[in-house]
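# Structure assessment
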Amino acid sequence: MNSQFKINKHPFPSLLYLEWILLAITALTAVIPPPLRRFHPKPPELSICGTFPDLSVCNLLPELSIYSLVIFALMGLILPTKSKTSKIIYTVIEILLILTTGLFGERFARLFPFLYIILVTRSCLIFNLPGRLFVTSLSFTLFLFTTQLKYQLFNLQASPQAQEKFRFLSLNWSLVFGLSLVFVLLMMNAVLSERHSREKLAIANEKLREYAMRIENQATLEERNRIAREIHDSLGHSLTALNLQLETALKLWQSNPGKAETFLATAKELGSKALKDVRQSVSTMRYNPLQEQSLDSAIASLSENFHRSNGILPICQINLEYSLPPEINTAIYRIIQESLTNITKYGYATEVKLELTTTRGNLRLIIQDNGRGFDLGQNTTGFGLHSMRDRTLALGGEFNINSAPGYGCKITVNIPLMRLR
């Protein structure tokens, strides 16, 4: 089937059933005459065929109104929703069927006002608001036209008193019919608006579910990266120092067993600490490396461990005007820890300076050594550097590293504190 004339099933089956019930009840009232009708004079025929029975259409097709009514009822099963042309053709056919039922069938003449109500109902399902208003106005106009036509037919057969009474009833019926059309239009607009709101809500819920899944996946990825950083920064630092102690002990084992034993004892302590870090990382992913220590004390412990491992005591200048949030303390501790680990592994430095200050809502950390340095263009892919940079950026800070072969390395971290206080 051509997509321009694509049709869909009725979106409101209950409304379709209501249409059929209304058509059935009204058709029965038109087919079955009232019991008291035999006591009154037969009213004048108000249809075209009743007034002009010699018309060819009345002689050749007496069941035309019945067929039109059946076709009109069955058209409710399908509704055009895509092409504007198919919608217009569909509506024009409905109007022609209504006019045929009302003008050529006297027994169904009382039915066609209800057909207009059904027409307006269907138009609300296939047109936007301007189209609905147009169909409603057109329905009322056609109703007035057919009423006026029947009034003219009635004047050919009735007395002046009956004509005046019929005119009064027609005006009242037209007013009631117009209000009925407006009520149906408003009711259908409310129903469709509510349905549209439910559809938008369902779409919004689906999008929200997708966003929640994305956020969950992103949070999972970030948590994995955080865990990797924690393991690298804590366990990696301990194992690096442990390896250095063991290498030194092996070198001194023959020449100076006593001093080698000291290095082995230190290695044992570092191994115990590494094992403790592993257990804490497994038991809880929110392990606090400071363990209720102040940042000053934690940095002092790192400096002492570095001195024991390398024989170099870092020069520390710490000036914190106020306490820092836990997330900043942890980040600064890990950055210093990773920097000292890198110096131990690659730096071969003889002097290390560490400066940590807070000034005007900003935290600045500077770690500088006089080691052999490295080429920034070739050695920036290590996990340690990425870990330090990620921790800084996560707090809205800036991470800078300056180094060159033979000129040591300088790491500068700036973290704003105004939005975190």
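Everything in this summary refers to the structure shown in the same document. (Residues numbered from 1 in each chain as written. Predicted model: local features only at pLDDT ≥ 70, side-chain atom pairs only at ≥ 80, totals over all residues. Heavy atoms only, no water.)

This paragraph deals with the overall build of the chain. Each helix and strand counted, the chain has 12 helices and 7 strands in total. When each of the 421 residues of the chain is scored for burial, the buried share is 40%. Considering only residue pairs separated by 6 or more positions, the chain has 72% of its internal contacts joining residues 24 or more positions apart. (Helix = DSSP H or I, 4+ residues; strand = E, 2+ residues; numbered from the N terminus. Buried < 20%, exposed > 50% of the residue type's maximum accessible area, 1.4 Å probe, protein only. Contact = heavy atoms within 4.5 Å.)

Below, the discussion takes up the nonpolar core. Among the nonpolar cores identified, the biggest contains 33 residues, and Ile328, Ile332, Ile336, Leu363 and Leu365 are the most heavily contacted of them. At the level of elements, α10 (295-310), α11 (326-347), β4 (352-359), β5 (362-369), α12 (383-394), β6 (398-403) and β7 (409-416) are the ones that each hand at least two residues to this core. Looking at which element gives the most residues to this core, the answer is α11, with 8 residues. Dropping the residues within four chain positions of it, isoleucine 336 is found in contact with Ile299, Leu302, Leu354, Leu365 and Ile367. (Core = buried A, V, L, I, M, F, W, Y, C linked by side-chain atoms within 4.5 Å.)

With that out of the way, let us pick up the packing of α10 against α11. Taken N-terminus to C-terminus, the directions of α10 and α11 make an angle of 10°; their axes are 10 Å apart at the nearest point. Overall, the two elements α10 and α11 adopt an arrangement that is roughly parallel. Within the contact between the two elements, α10 uses Leu295, Ala298, Ile299, Leu302, Phe306 and Asn310 and α11 uses Asn329, Ile332, Tyr333, Ile336, Gln337, Leu340, Ile343 and Thr344. Its residues assigned to classes, the contact of α10 with α11 shows 10 nonpolar, 4 polar and no charged. (Axes fitted to C-alpha atoms, helices over the stretch in contact; angles between N-to-C directions. Parallel < 35°, antiparallel > 145°, perpendicular 65-115°, else oblique. Nonpolar A, V, L, I, M, F, W, Y, C, P; charged D, E, K, R; others polar.)

Right, let's get into the environment of arginine 132. Relative to the helices and strands, arginine 132 is located in helix α7 (residues 129-155). Residue arginine 132 is classed as buried on the basis of its relative accessible area, which comes to 14%. Along the primary structure arginine 132 and threonine 121 are separated by 11 residues, whereas in three dimensions their C-alpha atoms are 8.8 Å apart. Every residue in contact with arginine 132, bar those within four places of it in the chain, is listed here: Ser123, Cys124, Phe127, Leu185, Asn189 and Leu192. A distance of 2.7 Å separates polar atoms of two side chains, one belonging to arginine 132 and the other to asparagine 189. (Polar contact = N/O pair within 3.5 Å; in protein donor to acceptor, adjacent residues only side chain to side chain.)

Below, the discussion takes up the sheet that holds β4. Paired through their backbone hydrogen bonds, the strands of a sheet run either parallel or antiparallel. The strand order across the open sheet built from 5 strands is β3-β4-β5-β7-β6, with neighbouring strands paired in mixed fashion. If you trace the sheet from one side to the other, it starts and ends with β3 (315-319) and β6, each paired once. On average, each strand axis in the sheet is tilted by 10° relative to the strand beside it, whichever way the strands run. Direction of pairing for β5 relative to β7: antiparallel, over a ladder of 8 bridges. Each residue of the ladder has a partner; that of leucine 363, found in β7, is isoleucine 415. The sheet contacts of α11 involve β4, β5 and β7, and relative to β5 the element is tilted by about 10°. (Pairing = 2+ DSSP bridges.)

All right, on to the environment of leucine 77 then. With respect to the helices, strands and loops of the structure, leucine 77 is situated in the loop between α4 (64-74) and β2 (78-80). Under the relative-accessibility criterion, leucine 77 is labelled partly exposed at 39%. Linking leucine 77 and leucine 16, residues 61 residues apart in sequence, is a C-alpha distance of 7.5 Å.

Before going further, it helps to spend a moment on the packing of aromatic side chains. Counting across every chain of the model gives 2 aromatic pairs. A centroid spacing of 6.1 Å and a plane angle of 70° characterise the contact between tyrosine 116 and phenylalanine 177, whose relative ring orientation is edge-to-face. With tyrosine 116 in helix α6 (residues 112-126) and phenylalanine 177 in helix α8 (residues 160-252), the pair connects residues that are 61 residues apart, well separated along the chain. Exposure remark for tyrosine 116: the relative accessible area of 0% places this residue in the buried category. What makes phenylalanine 177 buried here is its relative accessible area of 2%. Ring centres of phenylalanine 143 and phenylalanine 177 lie 4.0 Å apart, and the angle between their planes is 25°; this geometry places the pair in the stacked category. Note that phenylalanine 143 is positioned in helix α7 and phenylalanine 177 in helix α8, a separation of 34 residues in sequence. In textbook terms, an aromatic cluster arises when at least three aromatic residues are bridged by ring pairs, as seen for Tyr116, Phe143 and Phe177. Lying across the ring of phenylalanine 72, arginine 122 places its NZ or CZ 4.5 Å from the centre. (Phe/Tyr/Trp six-rings, centres within 6.5 Å; stacked < 30°, edge-to-face > 60°. Lys NZ or Arg CZ within 6 Å of the ring centre and 35° of its normal.)

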